[in-house]
Amino acid sequence: MASTDLCFHCALPNPKGARLTVSIDGDEQPVCCPGCKAVAELIRDSGMGSYYAMRDAPQPGVGRPPEETAEWQAFNSDEMLRAFADIDAADAEVSIYAGGMYCAACSWLIDTSLRKIRGVHSVDVNPITHRLRVRWSHEQTGLGDILAALSNLGYEPQPLTTDDSTRPEVAEQRTALKRLLVASLGMMQVMMFAVGLYAGDYQGMDEDMQRFLRLVSFLVSTPVVFYAGRPFFVGAWRGVATRMPGMDLPVSLAIGAAYVASVYSTLSNGEAVWFDSVVMFVFFLTLGRYLEMRARHRSIDLGAALSKLLPNTATTVVGEQRAVVPAAKLVRGDVVQIRAGDSVPADGVITRGQTSVDEALLTGEASPQRRGEGDNLSAGSVNLDNLIEMQVENAGNDTTLSAIGRMSEQARFARPVLVQIADRIASYIVIALLFVAAATALFWYWAAPERAFVITLSVLVVTCPCALALATPAAFAAAGNRFSRLRLLMTNGNAIEAMARATHIVFDKTGTLTCGTPVVQSTTVFDRELTPEQCFDIAATLEQASSHPIATAFNAGSPACVATDLEVHVAQGVSGTIDGRRWHIGNALFAFSETDDSAAAVYLGSEGRCVARFDIHDELRPAAKETLAELTAMGIKVSLASGDNEAAVGRVAQALQIRDYRSACTPDDKLRIIRSLQADGGRVVMVGDGINDAPVLAGADASIALANGALLAHTSADVIMVGNSLSPLISALQLSARTLRIVRQNLGWAILYNTIALPLAVAGLVPPWLAAIGMSASSLIVVLNALRLNR
């Protein structure tokens, strides 16, 4: 048995109070750190446990991972990788919370540093939410190596699971609140002492009393500077060490210089102290960052709300037996019992009972929806009325709820071009302002040496580009939060700019302007050897290969026939072989090489002959007519491009008063229509189903898809509308326009403020305390203006 005072792996002394152990040959052996624990477990799990029995007494420290990486090596195991990352063959993708990220420079530093690691493919950093998403080859680099790299940069990384319900931002908020409390209490006390000192300058004061007030101000200011102001110094040093200075550098120079000068003046009975300006600056900056932090935390609240929709357990039904199991253990085919008031634990189909369900947080539908046997339920919905049983179709990460969560997460990492440009500009401005401050110091040192320090201090404070750096990211973060609450999942932040300037909107018909839940109204058979039921069975067998919304009209359980050589012909139909006979289903030209625009129908053909015609009916989406009328009133031109026949498209166009419509369009035809509009100077938004129209959506300036259920995971679009109504489209366009308007206002204010404040500070007309208030107020104005988007 190894000594409990020494690490079993490396033989170094165990820290006092250490409780880390590793199981070797059935015995719990003490280890000194997570790194030694990970290495020992790796040796054991690799079948080399006899290594410890055969080795000589180890030299202390031999085999122990380096201190800076030991903490993270435990994350290099396959178990940790599966727990935190989405694995796709040789690649993995993980979300990481990076504590200590404060500005655009942090975003650039993390992105640049991680991309240098072997095997890293992409790094998406969101400085607003302090999260990043990394995609890399896990066969070349471990998760722990990535976390160690972040830690070495000075950040506090925490990997997040795909369904993580922990809130690392809560700990950040508590720490920030403590710093704000210390800064506020310190500022109040120091300002009271400053009143006495200022009064003494005018009325006279005993030297002992003056020294006493200065010493007390020094004692109160010290925790404010070194505790409340610590994030500024840490950020500044990080920027200097990586040669990428950020906003924290001029802030830290101003705070540090004023504090050191005040301490020196206090100890040497100098002429003046600036403790009041120091604590005021720290307080207002800390307050501004706290409010900005609260704003970005709101963009994470929806994801946290979604994660809480799923119950922790589910009741499975096997014959007459009932068992309570973890919801995470459910698999396809399980039958679960759901009581009234319980949340649905997975996606599935009702097999027994009828009820009403609340899907408000998932789809935005405020009223309860009736569901019965054969109807689909989505994970996270709430059963309102009766006891039901449901067969699980999708569980865990495959549910609709998980798809929404992943898309919401993806939206938070989107870095629009405007944001990237603002980040780069802010970084350059920091360097330029340092040169301005240096030039100011030299000039005043020559013109009036006694005023050089105070004026330079004011220049450093008043010109800090916090407002400029926050102007664009704050607006886009608030807009992303608002989009999420409107059930609009933003997967490409650049779409906001495109939608704000849209001049044309091109709609698809089936599943877009219509509900996408078609039904077969009637069947006409032209082959006397077949019955309508047989024709329907053949059609249903062929349509199982199609993802087109019309294919759902033929879903009637398991197909009665077996088809081989199924082929999907985009915008035409499906072909396949059944009992040695080749069949085609789709439009008339595809099914039997003739045109027939007499109805909204699907044709079944074989050997060049029409065998049957299925008349299809699909209702218009709720509020479709009102939405298109409002678009026209907004000055946006509306077009309809569909692959359906002339009669079907014309009927929908007439009902919705669309003058510009095209029928029988292939995806290439739709793409040519979009290119033509763009060539004429138009900004085109395409609205489709996101699956069959994927190439067309990619060609538009911005794309919007309406999708629900399992289709969410396969939808390709910039914005995804969850729900059945088209009315959120108006909200998306209006919100996009408001976002760009807020960005312009923020940038205008930031530029105006710096244009006015810089000359005044250089001229010596702005004292340090006023500079602190002005700089902090400008940042608060930008953040509060951006938060108006949440209303």
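Residues numbered from 1 in each chain as written. Predicted model: local features only at pLDDT ≥ 70, side-chain atom pairs only at ≥ 80, totals over all residues. Heavy atoms only, no water.

Considering the side chain of Arg 371
Right, so step 1: Positionally, Arg 371 belongs in strand β13 (residues 369-371).
Right, so step 2: Side-chain polar atoms of Arg 371 contact the backbone oxygen of Asn 376, separated by 3.5 Å.
Right, so step 3: Residues in contact with Arg 371, not counting those within four places in the same chain, are Ile 350, Gln 354, Thr 355, Val 357, Glu 359, Asn 376 and Leu 377. (Helix = DSSP H or I, 4+ residues; strand = E, 2+ residues; numbered from the N terminus. Polar contact = N/O pair within 3.5 Å; in protein donor to acceptor, adjacent residues only side chain to side chain. Contact = heavy atoms within 4.5 Å.)

Some remarks on helix α8 (residues 207-228)
Every α-helix carries 3.6 residues per turn, so stepping three or four residues along brings you back to the same face.
Right, so step 1: Here α8 is 22 residues long and its end C-alpha atoms lie 31 Å apart, about the 32 Å a rise of 1.5 Å per residue gives.
Right, so step 2: Bending of α8 peaks at approximately 30° at the position of Ser 221, with proline Pro 223 no more than four residues after it.
Right, so step 3: Where α8 is concerned, the buried positions are Leu 213, Arg 214, Val 216, Ser 217, Ser 221, Val 224, Val 225 and Ala 228. (Expected span 1.5 Å × (residues − 1). Bend = angle between axes of the 7 residues up to and from the residue. Buried < 20%, exposed > 50% of the residue type's maximum accessible area, 1.4 Å probe, protein only.)

Quick word on the environment of Thr 355
Right, so step 1: Inspection of the secondary structure assignment puts Thr 355 in strand β12 (residues 355-358).
Right, so step 2: Taking the C-alpha atoms as reference, Thr 355 lies 5.3 Å from Asn 386; in sequence the two are 31 residues apart.
Right, so step 3: What Thr 355 contacts, discounting residues up to four positions off in sequence, is Gln 369, Arg 370, Arg 371, Asn 383, Leu 384, Asp 385, Asn 386 and Ile 388.
Right, so step 4: Side-chain polar atoms of Thr 355 contact the backbone nitrogen of Asn 386, separated by 3.2 Å.

Comments concerning unusual backbone geometry
Right, so step 1: Despite not being glycine, Glu 607 has its phi angle at roughly 55°, a positive value.
Right, so step 2: With respect to the helices and strands, Glu 607 occurs in the loop between β23 (601-606) and β24 (609-617).
Right, so step 3: For Glu 607, a relative accessible area of 61% corresponds to the exposed category.
Right, so step 4: Phi is positive for Gln 657, close to 60°, though the residue is something other than glycine.
Right, so step 5: Relative to the helices and strands, Gln 657 is located in the loop between α22 (646-656) and β26 (660-662).

Some points on the packing of aromatic side chains
Right, so step 1: Enumeration according to the criterion identifies 12 aromatic pairs in this entry.
Right, so step 2: Geometrically, the ring pair formed by Phe 283 and Phe 284 is edge-to-face, given 5.3 Å between the ring centres and 65° between the ring planes.
Right, so step 3: For Phe 283, a relative accessible area of 14% corresponds to the buried category.
Right, so step 4: Following the ring pairs from residue to residue traces out a cluster consisting of Phe 218, Phe 226, Tyr 259 and Phe 275.
Right, so step 5: In this structure, Arg 179 packs its charged tip against the face of Tyr 227, placed 4.8 Å from the ring centre. (Phe/Tyr/Trp six-rings, centres within 6.5 Å; stacked < 30°, edge-to-face > 60°. Lys NZ or Arg CZ within 6 Å of the ring centre and 35° of its normal.)

Brief notes about the packing of helix α16 (residues 466-485) against helix α26 (residues 768-787)
Right, so step 1: At a closest axis distance of 8 Å, the pairing of α16 and α26 adopts a crossing angle of 15°. When the axes of α16 and α26 are compared, the pair comes out roughly parallel. Crossing angle aside, the handedness with which α16 passes α26 is right-handed. Residues Cys 466, Ala 467, Leu 470, Ala 471, Ala 474, Ala 475 and Ala 478 of α16 lie in contact with α26, whose contacting residues are Met 775, Ser 778, Ser 779, Val 782, Val 783 and Ala 786.
Right, so step 2: Split by residue class, the contact of α16 with α26 holds 11 nonpolar, 2 polar and no charged. (Axes fitted to C-alpha atoms, helices over the stretch in contact; angles between N-to-C directions. Parallel < 35°, antiparallel > 145°, perpendicular 65-115°, else oblique. Left-handed = near helix turned anticlockwise from the far one by under 90°. Nonpolar A, V, L, I, M, F, W, Y, C, P; charged D, E, K, R; others polar.)

Topic: the packing of helix α15 (residues 449-462) against α26
Right, so step 1: Running from N to C, α15 and α26 point in directions that differ by 5°, and their axes come no closer than 8 Å. One finds that α15 runs roughly parallel with respect to α26. Each of Val 454, Leu 457, Ser 458, Val 461 and Val 462 in α15 lies in contact with α26, whose residues at this interface are Pro 768, Ala 771, Ala 772 and Met 775.
Right, so step 2: Across the contact of α15 with α26, the residue classes break down as 8 nonpolar, 1 polar and no charged.

Remarks on the environment of Asp 618
Right, so step 1: Structurally, Asp 618 can be placed in the loop between β24 and α21 (624-633).
Right, so step 2: On the basis of relative accessibility, which here comes to 17%, the residue Asp 618 falls in the buried class.
Right, so step 3: Taking the C-alpha atoms as reference points, Asp 618 and Ala 553, separated by 65 residues in sequence, lie 9.4 Å from one another.
Right, so step 4: In contact with Asp 618, not counting residues within four places along its chain, are Thr 510, Gly 511, Thr 514, Cys 515, Gly 516, Thr 517 and Pro 518.
Right, so step 5: Looking at Asp 618, its side chain comes within polar contact range of the side chain of Thr 514, at 2.8 Å.

Quick look at the sheet that holds strand β18 (residues 504-507)
Right, so step 1: With mixed pairing, 7 strands are arranged side by side in an open sheet as β17-β29-β28-β27-β18-β25-β26. The open sheet has two free edges, formed respectively by β17 (488-490) and β26, since each of these has just one partner strand. Neighbour to neighbour, the strand axes of the sheet diverge by 20° on average, direction disregarded.
Right, so step 2: For strand β28 (residues 702-706) and strand β29 (residues 719-721), the ladder comprises 3 bridges, and the chain directions are parallel. The residue bridging Leu 706 from the neighbouring strand is Met 721, located in β29.
Right, so step 3: Where helix α23 (residues 667-679) meets the sheet, its contacts fall on β18, β25 (637-641), β26 and β27 (684-688), and the angle it forms with β27 comes to roughly 160°. (Pairing = 2+ DSSP bridges.)

Regarding the nonpolar core
Right, so step 1: The biggest cluster of nonpolar side chains holds 51 residues, and the ones touching the most others in it are Val 251, Ile 255, Phe 281, Leu 285 and Met 775.
Right, so step 2: Setting aside its immediate chain neighbours within four residues, Leu 285 contacts Phe 232, Val 251, Cys 466, Met 775 and Ser 776.
Right, so step 3: One finds Ala 478, Met 490, Ile 636 and Leu 656 within the second-largest nonpolar core, a separate group that totals 44 residues. (Core = buried A, V, L, I, M, F, W, Y, C linked by side-chain atoms within 4.5 Å.)

Here we look at the sheet that holds strand β15 (residues 382-383)
Right, so step 1: Strands sit in the order β13-β12-β15 across an open sheet of 3 strands; the sheet is antiparallel. The sheet is open, and its two borders are formed by β13 and β15, each paired with just one other strand.
Right, so step 2: Across 3 bridges, β12 lies against β13 in antiparallel orientation. For Thr 355, the partnering residue across the bridge sits in β13 and is Arg 371.

Points about the pattern of salt bridges
Right, so step 1: This model, assessed by the stated rule, comprises 16 salt bridges.
Right, so step 2: Arg 582 is paired through a salt bridge with Glu 567; the nearest N and O atoms lie 3.4 Å apart. Of the two residues, Arg 582 is situated in strand β22 (residues 581-586) and Glu 567 in strand β20 (residues 563-569); the sequence distance between them amounts to 15 residues.
Right, so step 3: The partly exposed category is assigned to Glu 567, whose relative accessible area is 41%.
Right, so step 4: One continuous salt-bridge network, built from bridges that share partners, spans Asp 86, Glu 93, Arg 133 and Arg 135. (Salt bridge = Lys/Arg side-chain N within 4 Å of Asp/Glu carboxyl O.)

So, a nonpolar patch on the surface
Right, so step 1: A cluster of nonpolar side chains, contributed by Tyr 198, Trp 769, Leu 770 and Ile 773, occupies part of the molecular surface with about 350 Å² of accessible area.
Right, so step 2: With 3 residues, α26 is the single largest residue contributor to the nonpolar patch.
Right, so step 3: Along the chain, Leu 770 falls in helix α26.
Right, so step 4: A residue is classified by how much of its surface remains accessible, and Leu 770, at 36% relative accessible area, is partly exposed. (Patch = residues over 30% accessible without salt bridge, like charges linked within 9 Å, V, L, I, M, F, W, Y side chains within 5 Å. Areas by Shrake-Rupley, 256 points an atom, 1.4 Å probe, with all protein chains shown as cover.)

A look at the pairing of strand β2 (residues 27-30)
Right, so step 1: Strand direction decides the pairing type here: strand β1 (residues 21-24) and β2, joined by 4 bridges, are antiparallel. Across the sheet, the residue bridging to Ile 24 is Asp 27, located in β2.
Right, so step 2: Counted between consecutive antiparallel strands, the loop separating β1 from β2 contains 2 residues, among which Asp 25 sits at a positive phi close to 55°.

Digging into the side chain of Ser 575
Right, so step 1: Along the chain, the position of Ser 575 falls in strand β21 (residues 573-578).
Right, so step 2: One polar contact links Ser 575 to His 569, side chain to side chain, over a distance of 3.0 Å.
Right, so step 3: With near-sequence residues (within four places) excluded, Ser 575 lies in contact with Leu 542, Asp 565, Leu 566, Glu 567, His 569, Arg 582, Trp 583, His 584 and Phe 590.

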